[in-house]
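Below are the chains, spelled out letter by letter.
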Amino acid sequence: MSAHRYGDYTKDVSGWFLGMTGAQLALVALAAVPALLALNARAWGLFALWLPVWALLAALLLVPIRGRVAGRWLGDLGLHAIGGVMGWTVFGSRAAAGTAEDLSEADLPGALAGIRTHDGPPYGQLFTRPVVVQDCAARTWAAVARVAHPGIGLAEPADRDRMGAGLAELCELAARTELVDILTVQVRTLPDDGAERTAWESEHARPGAPTLAARVNALLSATLTPAAVRTEAFVTVVVGEGRIARAARESGGGVDGRARVLHSVMAEVEAALRGPVGCTAVTWLDSAGLAAAVRTGFAPGDRGQLVAADLAAASGQQLAAGLPMATAGPSAARAEMRHYAHDAWASVTDTVLLPDSGAVLGALAPVLVPTTAGERRCLTVFFAPLPLARATRLVGREEMSATTGNELRARMGFRQRARQRRDTERIGAADEKLAVGHALVRVSVAACATVPATWPVTEHGRRLDASIRAAGYVPLRLDLAQDSGFAAAAIPLGVGLPDRRSRR
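Time to look at the overall build of the chain. Helix and strand content of the chain: 16 helices and 17 strands. Its C-alpha radius of gyration of 26 Å places the chain within 12% of the 23 Å reference for a compact globule of 504 residues. With the principal axes as the frame, the chain shows a C-alpha extent of 100 × 55 × 50 Å. For the chain, the proportion of its 504 residues judged to be buried stands at 42%. Long-range contacts, defined as pairs at least 24 residues apart, comprise 77% of the intrachain contacts of the chain with a sequence gap of at least 6.

The subject of this paragraph is helix α10 (residues 254-277). With 24 residues, α10 should reach 34 Å at 1.5 Å per residue; the first-to-last C-alpha distance of 33 Å fits that figure. The first or second residue beyond α10 is G278, which carries a positive phi of 95°.

What follows covers the pairing of strand β6 (residues 131-135). Counting buried residues along β6, five of its five residues qualify, which places the element largely inside the surrounding structure. Side chains of β6 alternate between two faces, with V131, V133 and D135 and V132 and Q134 buried alike. As paired elements, strand β5 (residues 115-119) and β6 share five bridges and run antiparallel to each other. Within β6, the residue paired with I115 across the bridge is D135. Across three bridges, the pairing between β6 and strand β7 (residues 140-148) is antiparallel. Directly across from Q134, in β7, lies its bridge partner W141. In sequence, β6 turns back onto β7 through a hairpin of four residues, with R139 there showing a positive phi of about 60°.

Right, let's talk about the environment of P475 for a bit. Structurally, P475 is set in strand β17 (residues 474-477). Sequence separation of P475 and P492 is 17 residues, and the distance between their C-alpha atoms is 21 Å. When neighbours within four sequence positions are excluded, P475 is seen to be in contact with D350, T351, D465, I468 and R469.

Now for the layout of surface pockets. In this approach, a probe sized like a water molecule rolls over the atoms, and the result shows the empty space that is left. Space inside the second largest pocket adds up to approximately 370 Å³. In terms of lining, the second largest pocket is formed by 15 residues, of which the most central are R146, A292, R303, V307 and D310.

All chains considered together, the criterion is met by three aromatic pairs. Between F298 and F486, the ring centres sit 5.4 Å apart and the planes meet at 50°, which makes this aromatic pair tilted. Separated by 188 residues along the polypeptide, F298 in helix α11 (residues 287-298) and F486 in helix α16 (residues 482-490) bring together distant segments of the chain. Across this residue pair, the class does not change: F298 and F486 are buried. Note on Y340 and F486: the rings are 5.4 Å apart at their centroids and 45° apart in plane angle, and the pair reads as tilted. One end of the pair, Y340, is in strand β12 (residues 340-342); the other, F486, is in helix α16, with 146 residues separating them in the sequence. Residue classification places F486 among the buried positions, given a relative accessible area of 1%.

Moving on: the side chain of Q134. With respect to the helices and strands, Q134 occurs in strand β6. Separated by 2.8 Å, the side chains of Q134 and H118 make a polar contact. Dropping the residues within four chain positions of it, Q134 is found in contact with G114, I115, R116, H118, T140 and W141.

Across the interface, helix α2 (residues 33-40) lies against helix α3 (residues 44-62) with an axial gap of 8 Å and an inter-helix angle of 160°. Here α2 is positioned roughly antiparallel relative to α3, judged by the angle of their axes. Here α2 and α3 pass one another in a crossing that is left-handed. Residues P34, A35, A38 and L39 of α2 touch α3, and the partners they reach there are W44, L46, F47 and W50. When the residues that make up the contact of α2 with α3 are grouped by side-chain class, the tally is eight nonpolar, no polar and no charged.

On to empty space enclosed by the protein. Applying the stated rule across the entire model yields three cavities of 30 Å³ or more. In this structure, the second largest cavity spans a volume of roughly 40 Å³. Lining the second largest cavity are I115, V133, Q134, D135, T140, W141, A142, V238, L493, G494 and V495. Secondary-structure elements contributing two or more residues to the lining of the second largest cavity are β6 and β7. A per-class count over the lining of the second largest cavity returns seven nonpolar, three polar and one charged.

Compared with the 27 Å implied by 1.5 Å per residue over 19 residues, the 26 Å span of α3 between its first and last C-alpha is a close match. At W50, α3 shows its maximal kink, close to 25°; a proline, P52, follows between one and four residues later.

With that out of the way, let us pick up unusual backbone geometry. Note: most residues except glycine have negative phi, and most peptide bonds are trans. If you check the backbone angles, F127 has positive phi at about 55° while not being a glycine. Inspection of the secondary structure assignment puts F127 in the loop between β5 and β6. Using a relative accessible area of 62% as the deciding quantity, one classes F127 as exposed. In the Ramachandran plot, L480 falls in the positive-phi region, its phi being about 70° despite a non-glycine side chain. Relative to the helices and strands, L480 is located in the loop between β17 and α16.

What follows covers a nonpolar patch on the surface. Taken together, L79, I82, V85, M86 and W88 make up a surface patch of nonpolar side chains, about 620 Å² in accessible area. In this fold, V85 is placed in helix α4 (residues 70-86).

Rules and cut-offs
What you see as residue numbers is a count from 1 along each chain, following the sequence as written. Predicted model: local features are reported for residues with pLDDT of at least 70 only, side-chain atom pairs are reported and counted for 80 or more only, and whole-chain, interface and lining totals are derived from all residues. Excluded from the side-chain calculation are hydrogens and water; included are all heavy atoms of the structure. Counting from the N terminus, the helices are the DSSP runs of H or I reaching at least four residues and the strands are the DSSP runs of E reaching at least two. Note that the radius of gyration is over C-alpha atoms, with the globule rule given as 2.2 Å times the number of residues to the power 0.38. For each residue, the accessible area found with a 1.4 Å probe, counting protein chains only, is set against the maximum for its type, and the residue is called buried under 20%, exposed over 50%, and partly exposed in between. In what follows, residue pairs with any heavy atoms lying within 4.5 Å of each other are defined as contacts. Expected span, for any helix, means 1.5 Å times one less than how many residues it has. Two strands are counted as paired when DSSP detects at least two bridges linking them. A pocket, in this scheme, is an open set of points on a 1 Å grid over the protein atoms alone with protein on both sides within 12 Å along at least 5 of 7 lines, while a cavity is a set where a 1.4 Å probe fits but cannot get out; residues line either one if an atom lies within 4 Å of a point. Grid points are joined across faces, edges and corners, and a volume is the space filled by probe spheres set on the points. By convention, a stacked pair of Phe, Tyr or Trp rings (six-membered ring in the case of Trp) has centres within 6.5 Å and planes under 30 degrees apart, an edge-to-face pair has planes over 60 apart, and any other such pair is tilted. Within 3.5 Å is the distance limit for a polar contact, defined as a pair of N or O atoms, with the added protein rule that one can donate a hydrogen and the other accept it, and that residues adjacent in sequence qualify only through two side-chain atoms. Where helices are involved, their axes are fitted lines through C-alpha atoms of the stretch in contact, as for all axes, and angles between N-to-C directions lie from 0 to 180°. For classification, angles of less than 35 degrees are called roughly parallel, those exceeding 145 degrees roughly antiparallel, those between 65 and 115 degrees roughly perpendicular, and all remaining angles oblique. Left-handed is the label given to a crossing in which the near helix is rotated counterclockwise from the far helix by less than a right angle, and right-handed is the label when the rotation is clockwise. Put simply, Ala, Val, Leu, Ile, Met, Phe, Trp, Tyr, Cys and Pro go in the nonpolar bin, Asp, Glu, Lys and Arg in the charged bin, and everything else, Gly too, in the polar bin. A residue's bend is given by the angle between axes fitted to the 7 residues ending at it and the 7 residues starting at it. Surface patches are defined over residues having more than 30% relative accessible area and no salt bridge, joining like charges when they lie within 9 Å and nonpolar side chains (Val, Leu, Ile, Met, Phe, Trp, Tyr) when within 5 Å. Only the protein chains shown count as covering a residue, and every accessible area follows the Shrake-Rupley method with a 1.4 Å probe. The salt bridge criterion pairs a side-chain nitrogen of Lys or Arg with a carboxyl oxygen of Asp or Glu, the two atoms within 4 Å.

Shape is all these values report; function is a separate question.
Written out as structure tokens, the structure is:
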């Protein structure tokens, strides 16, 4: 029995006419006006001179180069140069400068600068207080959960299909709430620091233990721990202010009102995670837990001392444990063109383009495998349920574009290619699913490799590209946007997905 292959996805943005967006079509038509005027006036010399100029402008507007058109590349290079001259690409934390006044206030760089955290009201039977994450820049509210899952590496195809159906059901649930903007699933594979093992050994070691047993244990710890890896996963629920505002007013208003609305969404998502998806534990993070998750995202090597301090404090030792939000970010960071440097670490981030042939659940597993001891890999998948009206418009536009293209090719005598037939069938299938009440979900993926800053980060970026290709996907390096890409791929705050046309 083979596992189900998922491939019912279409382009994120479809063109109005032959793949061109409305703005591109208008600019190309506007650039052709001088040629049309010259043609009307029978100024053949001017017409012949303007044609190459029009072709060059059309190429700058339409021909994609590594994910962006040439005109967009020129604009982004100019903005990056201006940012470098003005010092906007360099970050220094207030805690490192000794000017942090409120240690509970987050101080994060780049795309995370608008993040604020609030302790929410009691939640659940244990009356925990999950932290509410506010993104002032994107006007969103979020909650973050640490999840434990048995994994799908050894699962049978039937079990994988069941988990895949559970994930689809979770996306449908997020769409039905009409509150969730983005649902993110982030998995990190980081070097095992051996903190738990060291604490266990110190607690259970006996003075009279056999010497040979102690030597074998020490040898195993010295040789196996550096090569071992640990996996951790987070789920983030992001709700837009535009969707939550009315319900929040009915729940009391303010941060507490928004937190109460978030609690209802969190309960539904938690039930789906523990049920069809198969998670064995779901823990909504409080302020200290979120600070540790963010800190280990920027500095994977800090996890060992944080865990050791927590274990020592739990055993009754008198020492400071936990981490304030003001120190969760890096003390210094610098956004380069092709990588991101943060504290003593450097990261390279790619977006992952979905293959036309589809993929089975778990196909991205090779991306999470480090190529050398000490390397950290992160993978984040963003699920953004689209409102029904927007999804209907998107599918209708794709259908119109596909129909126009097919008719033009038929009139010109060209045969329809296999990819064009497949795209037409996908659009028809998406229209059928919308008609029976299913949701349309926008999916995007970001992958990141983090290594110590003294290592050749370019080489590890190349290995990340190779891992993505080995999984059957296409990597796209986020040049000039490595800081935003890192925030999306390695920090579990639901921030970093491009906000296309200012709509979540």
